[in-house]
Every structure is written in C-alpha cells, then in structure tokens.
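As a plain string of letters, each chain reads:
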Amino acid sequence: MSDIKTHYRNCNICEAMCGLEISYQDKQILSIKGDQLDPFSQGYNCPKALALEDFYTDKDRLKTPIKRTDSGWKAISWDDAFSEITDKFKSIQQQHGKNALAVYLGNPNAHSLGNALVLKPFMKSLGTVNRFSSASADQLPHHVASNFMFGAGMLIPVPDIDRTDFMLIIGANPVVSNGSMMTAPNVIVRMKAIQKRGGKIVVVDPRKTRTAKIADQHLFIRPEKDALLLLALIHCVFANDKVNLRHLDNMVEGLDEVANLAKAYSPEAIAEFVGIDAVSIRTLADDMAAADSAVCYSRMGASTQTFGGLCLWLTNVLNIITGNFDRAGGAMFPQPAFDLLRNHKRGHKSSFGQHQTRVRQLPFFNGEFPVATLAEEIQTEGEGQIKSLITVAGNPVLSAPSGHKLAQAFAGLEYMVSVDIYLNETTKYADIILPGTTGVENSHFDIFFNSFSVRNTVKYSTPLFEKEPDQRSDWQILKEISARMLNLPADDQMQNVTPEMILDMELKKGPYGDQGISLQALIDNPHGIDLGPLMPCIDQRIKTENGKVNLFPQVYVDDLPRLNAVMTQAARDNTYPFDLIGRRLVKSHNTWTQNSERLTKGKNPCTLEVHSEDAKQLGIKQGQIVSVSSAVGQINIEVTITDDIQQGVVSMPQGWGHNQQGTNMSVASAQPGVSINDLTDAARVDMLTGNAAFNGTPVAINVA
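Residues numbered from 1 in each chain as written. Predicted model: local features only at pLDDT ≥ 70, side-chain atom pairs only at ≥ 80, totals over all residues. Heavy atoms only, no water.

S.K.: Please clarify how the nonpolar core should be interpreted in this entry.
M.R.: Where a protein is soluble and globular, its nonpolar side chains tend to be buried together. The biggest cluster of nonpolar side chains holds 100 residues, and the ones touching the most others in it are M167, L168, I234, W313, L318 and I320. Element by element, the count of residues in this core is highest for helix α9 (residues 226-239), at 11 residues. Residue-level mapping places this core at the junction of two domains, with at least three residues from each of domain 1 (5-60 + 441-533) and domain 3 (157-332). With sequence-adjacent residues up to four places away left out, W313 is seen in contact with A145, M149, L261, L551, F552, P553 and Y556. (Core = buried A, V, L, I, M, F, W, Y, C linked by side-chain atoms within 4.5 Å. Buried < 20%, exposed > 50% of the residue type's maximum accessible area, 1.4 Å probe, protein only. Helix = DSSP H or I, 4+ residues; strand = E, 2+ residues; numbered from the N terminus. Domains from an automatic or database assignment. Contact = heavy atoms within 4.5 Å.)

S.K.: Would you mind going over the sheet that holds strand β17 (residues 432-434) with me for this structure?
M.R.: Sheet strands pair by backbone hydrogen bonding; their relative direction is either parallel or antiparallel. Within the open sheet, the 7 strands sit side by side as β5-β4-β17-β16-β15-β6-β7. Their pairing is mixed. The two strands at the open ends of the sheet, each matched to only one other strand, are β5 (72-75) and β7 (131-133). Geometrically, the sheet is characterised by an average inter-axis angle of 20° between neighbouring strands, direction not taken into account. Note: strand β4 (residues 66-69) against β5, 4 bridges, orientation antiparallel. Its bridge partner being in β5, I66 is matched across the sheet by A75. Here helix α3 (residues 113-126) sits on the sheet in contact with β6 (101-105), β7 and β15 (388-392), set at roughly 170° to β6. (Pairing = 2+ DSSP bridges. Axes fitted to C-alpha atoms, helices over the stretch in contact; angles between N-to-C directions.)

S.K.: Mind showing me how you'd approach helix α10 (residues 255-262) here?
M.R.: Two residues of an α-helix separated by three or four positions point the same way, owing to the 3.6 residues in each turn. Those residues of α10 lying buried are V258, A259, L261 and A262. All buried residues of α10 fall inside an arc of 165° around its axis, so they share one side. At its buried positions, α10 is contacted by α9, α14 (308-321) and α22 (554-566). (Arc of directions from axis to C-beta.)

S.K.: What exactly am I supposed to notice about the packing of aromatic side chains here?
M.R.: One pass over the full model with this rule turns up 16 aromatic pairs. Where Y24 meets F465, the ring centres are 5.7 Å apart and the plane angle is 85°; that geometry is what we call edge-to-face. In this pair, Y24 is assigned in strand β2 (residues 19-25) and F465 in the loop between β20 (460-461) and α18 (474-485), connecting sequence segments 441 residues apart. Like F465, Y24 is buried. (Phe/Tyr/Trp six-rings, centres within 6.5 Å; stacked < 30°, edge-to-face > 60°.)

S.K.: What's the story with the pairing of strand β27 (residues 649-653) in this structure? I'm lost.
M.R.: One face of the sheet, then the other: side chains in a regular strand alternate in exactly this way. Of all the 5 residues making up β27, 5 are buried; the element is thus mostly covered by neighbouring parts of the structure. Covered by surrounding structure in β27 are V649, S651 and P653 together with V650 and M652, the residues of both alternating faces. Pairing of strand β23 (residues 578-583) with β27 involves 5 bridges; the strand directions are parallel. What sits directly across from R583, in β27, is P653.

S.K.: I'm lost on the pattern of salt bridges in this one. Help?
M.R.: Opposite charge on two side chains makes pairing possible when the charged atoms of those side chains draw close. Inspection of every chain in the model, using the stated rule, returns 28 salt bridges. K33 is the salt-bridge partner of E21, the closest N and O atoms lying 3.7 Å from each other. Here E21, found in strand β2, pairs with K33, found in strand β3 (residues 28-34); they are 12 residues apart in sequence, far enough to count as distant. Residue K33 is classed as partly exposed on the basis of its relative accessible area, which comes to 45%. The residue D339 makes a salt bridge to R541 at a minimum N-O spacing of 2.8 Å. Of the two residues, D339 sits in the loop between β14 (331-332) and α15 (374-379) while R541 sits in helix α21 (residues 538-541), which places them 202 residues apart along the sequence. (Salt bridge = Lys/Arg side-chain N within 4 Å of Asp/Glu carboxyl O.)

S.K.: How do you make sense of the packing of α9 against α10 when you look at a structure like this?
M.R.: For any two helices packed against each other, the geometry comes down to the angle between their axes and how far apart the axes lie. At a minimum axis distance of 9 Å, the contact between α9 and α10 shows a crossing angle of 110°. Compared by their axis directions, α9 and α10 come out roughly perpendicular. The crossing of α9 and α10 is left-handed. In this structure, α9 uses L231, I234, H235 and F238 to contact α10, whose residues at the interface are L255, V258, A259, L261 and A262. Partitioning the contact of α9 with α10 into residue classes produces 8 nonpolar, 1 polar and no charged. (Parallel < 35°, antiparallel > 145°, perpendicular 65-115°, else oblique. Left-handed = near helix turned anticlockwise from the far one by under 90°. Nonpolar A, V, L, I, M, F, W, Y, C, P; charged D, E, K, R; others polar.)

S.K.: It is not clear to me how the packing of α9 against α22 should be interpreted in this structure. Could you clarify?
M.R.: Between α9 and α22, whose axes approach to 10 Å, the crossing angle comes to 100°. Compared by their axis directions, α9 and α22 come out roughly perpendicular. Contacts from A227, L228 and L231 in α9 reach L560, L563 and V566 in α22. Within the contact of α9 with α22, the residues separate by chemical class into 6 nonpolar, no polar and no charged.

S.K.: What should I look at first to understand the domain arrangement of the protein in this one?
M.R.: Frequently, the measure chosen for interface size is the accessible area removed from exposure when the parts meet. Each assigned domain of the protein is listed here: domain 1 (5-60 + 441-533), domain 2 (66-138 + 353-434), domain 3 (157-332) and domain 4 (570-703). When each unit is reduced to the centre of its C-alpha atoms, the spacing between domain 2 and domain 4 is 26 Å. Contact residues are listed per partner, giving 27 residues for domain 2 and 33 residues for domain 4. Overall, the association of domain 2 and domain 4 removes approximately 2,300 Å² of surface from exposure, summing both partners, and the carbon and sulfur fraction of that is 53%. Per-residue buried area on domain 2 facing domain 4 is highest for L398, Y422 and E425; these three make up 24% of the total on that side. Counting every contact that joins domain 2 to domain 4 gives 0 salt bridges. Summed over the shared surface of domain 2 and domain 4, the number is 16 residue pairs in polar contact (both at pLDDT 80 or more). (Buried area = accessible area lost by both parts, 1.4 Å probe. Polar contact = N/O pair within 3.5 Å; in protein donor to acceptor, adjacent residues only side chain to side chain.)

S.K.: Would you mind going over the sheet that holds β2 with me for this structure?
M.R.: Taken together, the 3 strands give an open sheet; going across it, the order is β1-β2-β3, and neighbouring strands pair in antiparallel fashion. Looking at strand neighbours, the two that pair on one side only are β1 (5-10) and β3, the edges of this open sheet. With direction set aside, neighbouring strand axes in the sheet form an average angle of 25°. Across 6 bridges, the pairing between β2 and β3 is antiparallel. From the neighbouring strand, S23 faces β3, where its bridge partner is S31.

S.K.: I would appreciate a short explanation of unusual backbone geometry in the present structure.
M.R.: Comment: phi is negative for the bulk of residues other than glycine, and the bulk of peptide bonds are trans. For D241, which is not glycine, the phi torsion reads 55° and is therefore positive. Tracing the sequence through the fold places D241 in the loop between α9 and β12 (252-253). By relative accessible area, which is 67% here, D241 ends up exposed. Backbone geometry at Q361 places phi at a positive 55°, although glycine is not the residue there.

S.K.: What am I meant to see in the environment of C537 here?
M.R.: The topology assignment puts C537 in the loop between β21 (529-533) and α21. Note on C537: relative accessible area 1%, which makes it buried. C537 has contacts with D326, F333 and Q335, leaving out every residue within four places of it along the chain.

Listed below in structure tokens is the structure:
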C-alpha cells in the first residue's frame, strides 16, 4: 500500500465547474469533497460529484470494444473495430453520398477537453454535413440570438449574479442546476447574497421550483407565454420613458423599431394569455427599471419551447434598454483564458440557414442541424437520406424528442457505431461500441463553460488515474477514425498533436497570455487561478461587422406572427387539456448518471407533479399510477400531488426510462422511471431556431 494522496480537479458532470479535493490510495478513491481553495466554487460541490467514483468503478462500464453478432455482443480488438468501421463508412458514402453518414454528439462532449478540440477535424474527415447534437435540445436559441445581435453564436451574455441588485429569473432553476448557460457553483449562497445586500429576486415559472422558494417573489406563468411577458415588460420600459442605454448609446441599432413594435404589447393586452395580472407586470417592470443594477436571466423553460428564439432575443433587449448590459450587476460577457472567439473576425459570415434539413427545411447553424429532425432524416427516403450514424457520448433515445421514434429509426440504419461507456437505450442499436475513458481517468479543462462563467477563472486538471493499457480516451478514438478515413500514414505529424498541446498554445495566445497564463502555470496551480470579476468588454468582444448591437434583427420580426396567433387561439386543447413541462433534479444530470446507486437510491423521483385541484377533478390520489398521453405516445407514471405546480400544468423529470430490453445498466434498470420523450413531439420545435420544444407539450391524463 502506498501513501494516501490528494488530487485536485474540477467536476466534469455539469456546468458548474466545482473544484474537488479527492483523497486516494493506489487506485482506490477514499473521499471526494469540495476544494476549499478553489477560487470559484470555494469548497462547494453538489451530490453528483461523489458519483465520479461510481462511474470509475462501475461493473457495467465497457472498457474494450464490443461487436453485435447473431449470438450476442462479442469482444473485438481495437484494430479490427477501426478497420470494420472505416470500411463500412466509406462503402456507404461511396454508394449513397457523403451525407449518408451522420454524427450525433451528446452533452458529455462539452465537458471533454479532448473531444472539444478534435471534433471539428473529425467532422471534416468524415466529409458529411449531417451533424446533430444535444445543443439543439436545450440551448440553440441562446446562440442564435447572440449570432444575430452580437455577431457570434458563442458570445453569450451571462448574469453578473455576484453584483446585481435585482434578478429576474424566467423558466430557470439555478439552485438545482447550479446555473445553465450561467456557470455559477453554489447559486443558493450567491442568491442569498443578493438579498443580504438589499436586492430582490423574482422567479417567473409555471412551477414553484426550489429557486422560486428562495426568491422574494414567484409569479406563475402559463407555459410558452414568456415571450409575451417579455414584450409587455419592454412595452413598460418605453411607455414609462425608462430607456437608458448608458455607455451603449452609440452602439445600439434598432431602438426606435423595438419601441414601435412594443406598443402593441401592453400588460393589459397580454395579461389574460400569460396568466399574470397587468398590475403585477407593471410593478415587475418598475422594480427592474428602478434597481441600481438588474438582470433578466431566461433559461430552459424559455428556450426549450416553440418560441424559444423570441424569448432569448427579448431577454437581451430587456437587459440592454434598461441599462443593464455590459455593466456590473447586469448581463456581461466573460473573458475566458481559452478564447473560442480569438480568431473570429468582425463581420464573419454566419452559418445560420446555410443548409436546411431535407424534410422540414429547418435551419443549419453552428455546424449542425436540429436533433428534432434526426429520425425523419433517417426514415425519409430520397437523395441525402441518412443511412449510417455514429453517436458520441449520447443517448438521444431518452434525451431527444419522440425518443421512441428515434429508436425505430436507429433500428433501420444500415450501420451504426457508438462511442460510449455503456450499453444503453441508444447504443444497443449500434453494430460496434467503442468505450472511452471517463471522469477521473481524463485530464480536464472547461473550454465551453469558462465562456459562460459568472467570474473569470481558469483551471486545468491532470488525470487522477492513468488508463489501462488497452483503453483509449474518446479523443484518441475519434482521431484514429479520422486518420483511417483520410488514409493518413501512421507517422503523420498531426496524429501526434495532443489536446494539451493545443490548450497550451491557446492559453498563451489568449487574453491572459501576457500575464503568464499557460498550461504549465495551471499545472503549478492545481486549485485554479482567479482572473477577476466580469468586466465591461463589449467594445473588444462584439463581432458584428459595424461593431454595433443589432437590437432588431429581421428574423425575429418575421417570427412574431406565430406568437401573435397565440392570442387568437383557445387556451386549452380539449383532447389534451394539460401542458407538460420538465423539471431538474439535484442528483440527476444526463441519462448515464442514473447508473450511480448513490444518485438514485431513495424514493422514486420520476413522478408526475399534478396540482391538487386538478387531481381532485380527475379523481386522482397521491402515489396513484396514471396514464399520460400526447399526440405521439403514452406512458404510465406515479403521481405526486402538489400546489407547487400551476393548475392545468403537469411536470416530470427528463433522462429516465431505463426499462428497455437489451441494455446493461443494472443500477438504472432497478429504478427505471419512464421517459418524458415518449410524450414529447419531434414535430414541435421553435421554427425560428429549430430547437426542440420540450415544454408545453399538450397531454391528457387518465386513470391507468
């Protein structure tokens, strides 16, 4: 036995970038706790971090490639696997065209240093335009708004939560998520600090979430009506002559056009439809305008709906016209040490709409198509039909809309490959599964989430444990496939380039390179380095051709008739009278986290929340199993009766449904839950951005 040692790293499970202190001996983890010396998380960590040990030691986890055969799954060598995969991919593309091959990327790719850096050349080596990812399942409206307003999809404004005096939270539950598109560990402490300094927090949500219970005020809103509320708030700012652009006065275009547009959306005009009275709306607008600093933060409930694009555009507009943009306490741009926009020139041509999906003509953006179209692009015959697929660290059968239809589509593919550590509901359709290393076996650097962080910090983590001789990291798997697709010689120099080499170069060329930030500097500072609070930087960061903020992009104006139609339609569908929304759980993140016993033990968390009055009218009791149906599917689920949900709305968590045959996730299957995406409809999308519309799915409830 060797001595007990300590390792410091960031947790790689969610966006929060919590610093961890891991005590270990040999290859055994003894404890995982928050790193008190991490300058960002300051000792905080949520329960998910403890599961890093579970994933490392998981007996269900794959460590060598396996191949589907008539007699079941069989082990296969890496060389044989790569040879078969590239032969099949090349053959299918030769027969059906380059775009007959598609790629699906799951959420864990965003948490992987190696994958983040090799995916672009990997896609180039495949030669296909058909890329899909989880981004169009939850965050595409944010990127599209930034693209049209600020000139770059990755130029995301985030709330300066640590200095704001008034925080309006729409459709978000950051106390549970630790922020989303707002990297902020220990949100509870950060929110209470707002209140301690005399500030106010208001939550607008169809559900009284944990965040809403901590806030000073909670307003119930009908699902998918957030854009109308935002327009009414903007109306009030103009009507009350409270517009104050501050230092952006000469940088904003389209202010008069927004003013004219907002005239039609008075609180009185929209109150009936949003479910919030006009007086409360006007008071909310007055409170935000009167605060010394304020910020509106809209997230999942606002972005994963049929008007997600409008919601995120209007959120930016509200922050700008109230004088709370690029200013302490408002919405600000981070300045990350690894700057993803370092080579992004002003006026760079947008990829939005460069291509369209074959079936529904939904827009291509940021190198990919909306995942809501993947099943139909596989099943619809004709030129460009997808015949083959590789999934990387994703389980869209459970995480994408109409997941059961995706399963049918995957079953009909000519050839499928999955890079994944589990035999799950998606990878069971693959012909070969290639397992990478995970968590503590990988080095770690948060390329993307430093770009959404509420404070500028930087941290690199070496691997805690070296991988076994016959294991490969995900990025090594992808590089090998790339090399073979391109027929590169074994001694090709690019094959020797590591993620750390690229990281070091980008850090040295980044905004803090002249301050000595490099890979070695981060290795020498394992707790991370604090680079300071967010600072006004729009002059340097903005990427529009003329260096101005476009407050009135035409694509949003063109989309308003869809929203206006809401005010002429019946509030409820008699066939499906309830609106289904999702909910976040503290101990759950993606489908794979359900295979940790410590994250799933206890009572069943996968229940349907129903308002007490609705339950009474339906004759439903606590704990009863009910049938929930939508236009595309039906599930049976246990009921939780609560007044924390708005009447006429029901809620269940996503990421469950581990009750399918042919998988091997023993912990998850012991508490399987049911999949919300057997109810969500891939046909329901935000037509502007193509993002999936998970929230607001019309459903009916009957006694099972």
